Amino acid sequence: MKTMSLRGRDFLAETDFTREEIESVLAVAERLKMERAMGVYHDQILRSKTLFMLFYNQSLRTRNSFEAGMTQLGGHAHFLDPSKIYTPALEGKEVAYSTERVSDVARVLSRMGDAIAIRCYGDPVEWEYGGAHALLREFAKWSDIPVLNMEDDIYHPFQGLADMLTVKENFGGFKGVNFTMSWAYSPSIHKPRAVPQSAILYATMLGCNVTLAHPPEMALDPKIIAQCEAYAGAAGGSFRITHDFEDGVRGAHAVYPKAWCPVNIFQPPVGDYDVETSQAIFDQYKSWKMTEALMETADKQAIYMHCLPADRAYEVSNYVMDKTEGPGWRSAIFDEAENRLHVQKAVMSLVM
Ligand code: CP
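To keep things clear, this report deals only with the structure shown in the data block.

Reading the values: the criteria
- Residues numbered from 1 in each chain as written.
- Predicted model: local features only at pLDDT ≥ 70, side-chain atom pairs only at ≥ 80, totals over all residues.
- Heavy atoms only, no water.
- Helix = DSSP H or I, 4+ residues; strand = E, 2+ residues; numbered from the N terminus.
- Buried < 20%, exposed > 50% of the residue type's maximum accessible area, 1.4 Å probe, protein only.
- Polar contact = N/O pair within 3.5 Å; in protein donor to acceptor, adjacent residues only side chain to side chain.
- Contact = heavy atoms within 4.5 Å.
- Near = heavy atom within 4 Å.
- Areas by Shrake-Rupley, 256 points an atom, 1.4 Å probe, with all protein chains shown as cover.
- 1 Å grid on protein atoms, 1.4 Å probe; cavity = no way out; pocket = protein on both sides within 12 Å on 5 of 7 lines; lining within 4 Å.
- Sits in = over half its atoms within 2 Å of the grid points.
- Nonpolar A, V, L, I, M, F, W, Y, C, P; charged D, E, K, R; others polar.
- Domains from an automatic or database assignment.
- Expected span 1.5 Å × (residues − 1).
- Axes fitted to C-alpha atoms, helices over the stretch in contact; angles between N-to-C directions.
- Parallel < 35°, antiparallel > 145°, perpendicular 65-115°, else oblique.
- Left-handed = near helix turned anticlockwise from the far one by under 90°.
- Points joined across faces, edges and corners; volume = space filled by probe spheres on them.
- Core = buried A, V, L, I, M, F, W, Y, C linked by side-chain atoms within 4.5 Å.
- Pairing = 2+ DSSP bridges.
- Salt bridge = Lys/Arg side-chain N within 4 Å of Asp/Glu carboxyl O.

By the secondary structure assignment, Thr166 is in helix α5 (residues 157–171). A relative accessible area of 0% places Thr166 in the buried class. At 2.7 Å, the side chain of Thr166 forms a polar contact with the backbone oxygen of Ala162. Look past the residues within four positions of Thr166 in its chain and what remains in contact with it is Ile303, Met305, Ala332, Asp335, Glu336 and Asn339.

The immediate surroundings of the ligand are formed by Ser59, Leu60, Arg61, Thr62, Arg119, His156, Gln159, Cys307, Leu308 and Arg340. One nitrogen or oxygen atom from the main chain of Leu60 is found 2.7 Å from an oxygen atom belonging to the ligand. Between a nitrogen atom of the ligand and a side-chain N or O atom of Gln159, the distance comes to 3.0 Å. Protein chains shield 93% of the accessible area of the ligand, which is 250 Å² for the free molecule. Judged by its atoms lying within 2 Å of the grid points, the ligand is housed in the largest pocket. Of the residues assigned to the shell around the ligand, the class counts are 3 nonpolar, 4 polar and 3 charged. Inspection of the shell around the ligand shows a minimum of three residues originating in each of domain 1 (3–154 + 340–351) and domain 2 (159–338).

In this model helix α1 (residues 19–37) runs 27 Å from its N-terminal to its C-terminal C-alpha over 19 residues, within 8% of the 27 Å that 1.5 Å per residue would give. Along α1, the positions that sit buried rather than exposed are Glu21, Ile22, Ser24, Val25, Leu26, Val28, Ala29, Leu32, Lys33 and Glu35. As for α1, its buried residues are in contact with α5, α6 (194–205) and α12 (333–351). Gly39 occupies a position one or two residues after α1 and carries a positive phi of about 90 degrees.

Let's shift gears to the packing of α1 against α5. Interhelical geometry of α1 versus α5 gives an angle of 70 degrees and a closest axis separation of 10 Å. Comparing their axes, α5 and α1 come out roughly perpendicular. The interaxial crossing formed by α1 with α5 has right-handed handedness. Counted together, Ile22, Val25, Leu26, Ala29, Glu30 and Lys33 of α1 and Leu161, Met164, Leu165, Lys168 and Glu169 of α5 form the full contact between these two elements.

Counted as a void, the largest pocket has a volume near 480 Å³. Residue lining of the largest pocket: 23 residues in total, with Arg119, Tyr121, Glu151, Leu308 and Pro309 positioned closest to the centre. Roughly 300 Å³ of internal volume is contained in the second largest pocket. Considering the residues around the second largest pocket, the lining is formed by 16 residues, among which Leu90, Lys93, Pro124, Val125 and Leu135 are closest to the centre. Elements that contribute at least two residues to the lining of the second largest pocket include exactly β3 (87–89) and α4 (131–142). Looking at the lining of the second largest pocket residue by residue, the classes come out as 9 nonpolar, 4 polar and 3 charged.

To continue, consider the nonpolar core. The biggest cluster of nonpolar side chains holds 96 residues, and the ones touching the most others in it are Leu51, Leu161, Phe179, Ile200 and Met290. For this core, the domains that each give at least three residues are domain 1 (3–154 + 340–351) and domain 2 (159–338). Among residues more than four places away in sequence, those in contact with Leu51 are Phe66, Met70, His76, Ala77, His78, Ala115, Ile116, Ala117, Leu148, Met348 and Met352.

On to the sheet that holds strand β6 (residues 147–149), then. One open sheet holds the 4 strands; their spatial order is β2-β1-β5-β6, and the pairing between them is parallel. Looking at strand neighbours, the two that pair on one side only are β2 (76–80) and β6, the edges of this open sheet. Recorded for the sheet is a direction-independent mean angle of 25 degrees between the axes of neighbouring strands. Sheet topology places strand β1 (residues 50–55) next to β2; 5 bridges connect them, and they run parallel. Among the inter-strand pairings, Phe52 is bridged to a residue of β2, identified as His78. With respect to the sheet, α4 is in contact with β1, β5 (115–119) and β6, its orientation differing from that of β6 by roughly 165 degrees.

If you trace the backbone, Cys228 turns up in helix α7 (residues 222–235). According to the relative accessible area criterion, Cys228 is buried, its value standing at 0%. Distance from Cys228 to Asp16, taken between C-alpha atoms, is 14 Å for residues 212 residues apart in sequence. In contact with Cys228, other than residues within four places in its own chain, are Ile200, Leu201, Thr204 and Phe239.

Counted by the stated rule, this structure contains 17 salt bridges. The salt bridge involving Arg9 is made with Glu21; its shortest N-O contact spans 3.2 Å. Remark: Glu21 occurs in helix α1 and Arg9 occurs in the segment before α1; sequence separation between them is 12 residues. Classification of Arg9 by relative accessible area gives partly exposed; the value is 25%. In this structure Glu21 comes out as buried when scored by relative accessible area, which is 13%. For Asp247, the salt bridge is made with Arg250, and the minimal N-O distance between the two is 3.8 Å. Salt bridges sharing common partners tie together Glu91, Glu94 and Arg101.

Written as structure tokens, this is what we have:
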């Protein structure tokens, strides 16, 4: 395990890492999780270290798992609301006395702490696809300490790690696991696509048989799709796209139905359509909802997955979300949420 190669590294996108490095992170996460269950303390690992957490968007799981994780590792997580500091802005996007250039913020925080974690997508970058990822890369360019991606508009790499740990725990590994990432209906048309993109990147990288199911209008980033095809070829798994929800779910071991929005449905000037047109396109697909009957067509031991929050009654029935035990398929959503803590502790232990 070449863990030392991760020291000082940014964690911005899964594509920045090799399969071996991601497998190392998952191995460390499993160990930290098991040891915590045994009552082992990890408070010497990042003793006295500080993580700055900059949230341009809301969060329940990400904020609390990073904060709890830093406490457990012996350090401190410092919450920063961009509107309560001088909002970090890219060169050319500055507003006098209410913003501060990213290059300056990154260099200041680098003098005081040990890592900077950032969440940014959507409104703060006017839904320009890739704009938030560019902001994180700019932070990383100027920062002397690791920069961690708590979700941008392309990647949600820690959610993806938690998803893969959940798959590994349930199926013992990735080879032969049928992993289906599917679009599901939500009345909200402004849904980021980082979660599905990170999930299919990791799942193909690690060797699953991956199916991506979505209505024709809901395509993901073609560069991500090309990367998934390359990963599947290298890892000996497979990757396919279907526009039939039932076909995507049939025989799957892990089923992950979630709403997302393709670029051309974003509001102008970024997308092609106005809000009413976009809503009409979404509303054609109300039948893309995960139900008990549909879960019965998956593998008998299948798990239902979701990053949360889920749109109950739209993306998925309450019954599917809440069936966390009993015979047959089950919902793994709370394991998945807990695993955010363990994978983030692993990455922070390795890079900070
Ligand atoms: N899954 C996830 O990132 O949740 P939060 O938006 O609550 O952080």
